[in-house]
Amino acid sequence: MAPLEGITTYIFRNAYDRYYGGVDRYFTPFLTASHLKGRELRDVHPDNNKGLDVVPQILANDSEQFLEIARQLAQLGYKEVNLNLGCPSGTVVSKKRGAGLLSEPKELDSFLQGIYEGSDRIGVQISIKTRIGMEFLSEWEDILSVYIKYPIKELIIHPRLRNEFYKGEVHMDAYKQAMGLWEEKTEASSLTAFTYNGDIVDEESYTAVLSEIGDSNIMIGRGLLIKPNLPNQIRNGFSETDFDKKRFRDFIGELSENYIDEMSNEKQVVMKMKELWVYFAKGLGLSDRQLKELLKTNRLIDYKNVVQMIISEL
């Protein structure tokens, strides 16, 4: 499961695993605070992730800050952390974090040297989730020349540039270029796992990716929200149905109840559920009218009434 900021938190992960599953590893939304507390600490605390294989993701461009967060995660029992070098958000990129750090290969190299040297002392391995550059495909070669130097546990590649955000075709050649480079370096190839991320939303898109990359790991984000049963369908050769009304109703019901326990304001709960329904609506094929009625709600009772109506019409 890909990390989606504000969405794939421990509340979502636990409910999803209970009703759907099929996911081997869950990557958390990125952590930024040097001292883990409040919402970020709750999201990664082992008590809130029992039975799940969770990898916390860190967003940083300062090696000491990264290592301080990693040290606290190690104290919680984590053996692996993930570095976010893919977030395309303007506020993130402007601070040279996420995909923003990809524009400066020398700074990137210095940063990675610091965190990989420090990770040995802490006792954690580091994986990376990355885009292939900021503006130009030509940037990828320089970025790869930096990555190949380090013992990356897993290299998760979303083969788009930052300025493409989530639109347009993915650049499969860039993904294959990375795999080819590692294959040339036998020692590095034996240490680094490769994972593809981007636009897997149904059987057709999964089959198309598989034909390009072969037996490679895959990470799913938005597609998992659009079709929650997609991982199980992939595992079972798409012999499973993509929708079970009762399972979906119970899933979203547990989500909303757990958000009520987490949040003090019912409007916040409704906003959170509406954010999820923007994705659910695509997979369920809701009409503009149905989605509009749901997005107009602000009170929990109104939200539940509209959801009941929508599910009865499915």
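Residues numbered from 1 in each chain as written. Predicted model: local features only at pLDDT ≥ 70, side-chain atom pairs only at ≥ 80, totals over all residues. Heavy atoms only, no water.

Colleague: Which parts of the structure should I look at to understand the environment of Glu40?
Modeller: Position of Glu40 among the secondary structure elements: in helix α2 (residues 38-44). Among the residues examined, Glu40 registers a relative accessible area of 8% and is labelled buried. When the C-alpha atoms of Glu40 and Glu184 are compared, they prove to be 39 Å apart, with 144 residues separating the residues in sequence. A polar side-chain atom of Glu40 sits 3.1 Å from the main-chain amide nitrogen of Thr32. (Helix = DSSP H or I, 4+ residues; strand = E, 2+ residues; numbered from the N terminus. Buried < 20%, exposed > 50% of the residue type's maximum accessible area, 1.4 Å probe, protein only. Polar contact = N/O pair within 3.5 Å; in protein donor to acceptor, adjacent residues only side chain to side chain.)

Colleague: Honestly, the layout of surface pockets in this entry has me stumped. Any pointers?
Modeller: Any space left empty among the atoms is revealed by the rolling of a water-sized probe across them. By volume, the largest pocket is sized at about 540 Å³. In terms of lining residues, the largest pocket is bounded by 31 residues, among which Pro3, Leu4, Glu5, Lys129 and Tyr166 are the most central. Of all the secondary-structure elements, those providing two or more residues to the lining of the largest pocket are β5 (125-130), α10 (222-226) and α13 (266-284). Here the lining of the largest pocket is built from residues that sort into 15 nonpolar, 10 polar and 6 charged. One number sums up the size of the second largest pocket: a volume of about 450 Å³. Surrounding the second largest pocket, 21 residues form its lining, Asp24, Asn217, Ile218, Met219 and Arg235 being those nearest its centre. Contributing elements (two or more residues each) for the lining of the second largest pocket: α9 (203-213), β8 (217-219) and α11 (230-235). Partitioning the lining of the second largest pocket into residue classes produces 11 nonpolar, 5 polar and 5 charged. (1 Å grid on protein atoms, 1.4 Å probe; cavity = no way out; pocket = protein on both sides within 12 Å on 5 of 7 lines; lining within 4 Å. Points joined across faces, edges and corners; volume = space filled by probe spheres on them. Nonpolar A, V, L, I, M, F, W, Y, C, P; charged D, E, K, R; others polar.)

Colleague: Sorry if this is basic, but what is going on with the nonpolar core here?
Modeller: Formed by 93 residues in total, the largest nonpolar core has its most connected members in Phe12, Phe66, Leu112, Tyr147, Phe251 and Trp277. Not counting chain neighbours up to four residues away, the residues in contact with Phe12 comprise Met1, Ile7, Leu224, Leu225, Phe251, Leu255, Tyr259 and Leu276. Of all hydrophobic cores here, the second largest spans 5 residues; its members include Ala2, Phe27, Ile156 and Met219. (Core = buried A, V, L, I, M, F, W, Y, C linked by side-chain atoms within 4.5 Å. Contact = heavy atoms within 4.5 Å.)

Colleague: Please explain the environment of Leu101 as it appears in this structure.
Modeller: Looking at the secondary structure, you find Leu101 in the loop between α4 (90-93) and α5 (105-122). Once the C-alpha coordinates of Leu101 and Asn61 are considered, the two residues, 40 residues apart in sequence, prove to be 7.2 Å apart.

Colleague: Could you clarify how one ought to interpret the pairing of strand β6 (residues 154-157) in this entry?
Modeller: If a strand is regular, its side chains alternate between the two faces of the sheet. Burial along β6 is two-sided: Glu154 and Ile156 and Leu155 and Ile157, pointing in opposite directions, are all buried. Assessed by its sense of winding, the connection that carries the chain from β5 through helix α6 (residues 139-147) to β6 is right-handed. (Right-handed = clockwise from strand over helix to strand, strands pointing away.)

Colleague: Explain the packing of helix α1 (residues 10-19) against helix α12 (residues 245-262) to me, please; I cannot follow it from the model alone.
Modeller: Geometrically, a packed helix pair is captured by the angle between its two axes and the distance between the axes. Put simply, α1 and α12 touch, their axes get as near as 10 Å, and they point 155 degrees apart. By the criterion of interaxial angle, the relationship of α1 to α12 is roughly antiparallel. By crossing handedness, the relation of α1 to α12 is classed as right-handed. Residue-level inspection shows Tyr10, Ile11, Phe12, Ala15, Tyr16, Arg18 and Tyr19 of α1 in contact with α12, the latter providing Arg247, Asp250, Phe251, Glu254, Leu255, Asn258, Tyr259 and Glu262. The residue makeup of the contact of α1 with α12, split by class, is 9 nonpolar, 1 polar and 5 charged. (Axes fitted to C-alpha atoms, helices over the stretch in contact; angles between N-to-C directions. Parallel < 35°, antiparallel > 145°, perpendicular 65-115°, else oblique. Left-handed = near helix turned anticlockwise from the far one by under 90°.)

Colleague: Quick question: what am I supposed to make of α6 here?
Modeller: Since the α-helix advances by 3.6 residues per turn, residues separated by three or four positions end up pointing in the same direction. What α6 keeps buried is the set Glu139, Trp140, Ile143, Leu144, Val146 and Tyr147. For α6, the arc enclosing every buried residue in end-on projection is 155 degrees, short of the 170-degree limit, so these residues lie on one face. Those residues of α6 hidden inside the fold are in contact with β4 (80-85), α5, β5, β6 and α7 (172-184). (Arc of directions from axis to C-beta.)

Colleague: What exactly am I supposed to notice about the pattern of salt bridges here?
Modeller: For the structure shown, the criterion picks out 22 salt bridges. Between Arg18 and Glu254 there is a salt bridge whose closest N-O contact spans 2.8 Å. A residue pair is termed long-range when its members are at least 10 positions apart, and Arg18 in helix α1 and Glu254 in helix α12 qualify at 236 residues. Classification of Arg18 as exposed rests on a relative accessible area of 54%. On the basis of relative accessible area, Glu254 is assigned to the buried category, the value being 16%. Linking Glu257 and Lys304 is a salt bridge whose minimum nitrogen-to-oxygen distance equals 3.2 Å. Pair noted here: Glu257 is in helix α12 and Lys304 is in helix α15 (residues 300-313), with a separation of 47 residues, a long-range link. Classification of Glu257 by relative accessible area gives partly exposed; the value is 38%. Salt bridges linked by common partners bring Arg25, Asp53, Glu80, Lys153 and Glu154 together as one network. (Salt bridge = Lys/Arg side-chain N within 4 Å of Asp/Glu carboxyl O.)

Colleague: Which parts of the structure should I look at to understand the side chain of Asn197?
Modeller: Locating Asn197 in the fold gives a position in strand β7 (residues 193-197). You can call Asn197 buried: its relative accessible area is 6%. Reaching out from Asn197, the side chain makes a polar contact with the side chain of Lys129 at a distance of 3.0 Å. Sequence-distant contacts of Asn197, that is, excluding residues within four places in its chain, are made with Ala2, Lys129, Ile156, Ile157, His158, Pro159 and Met219.

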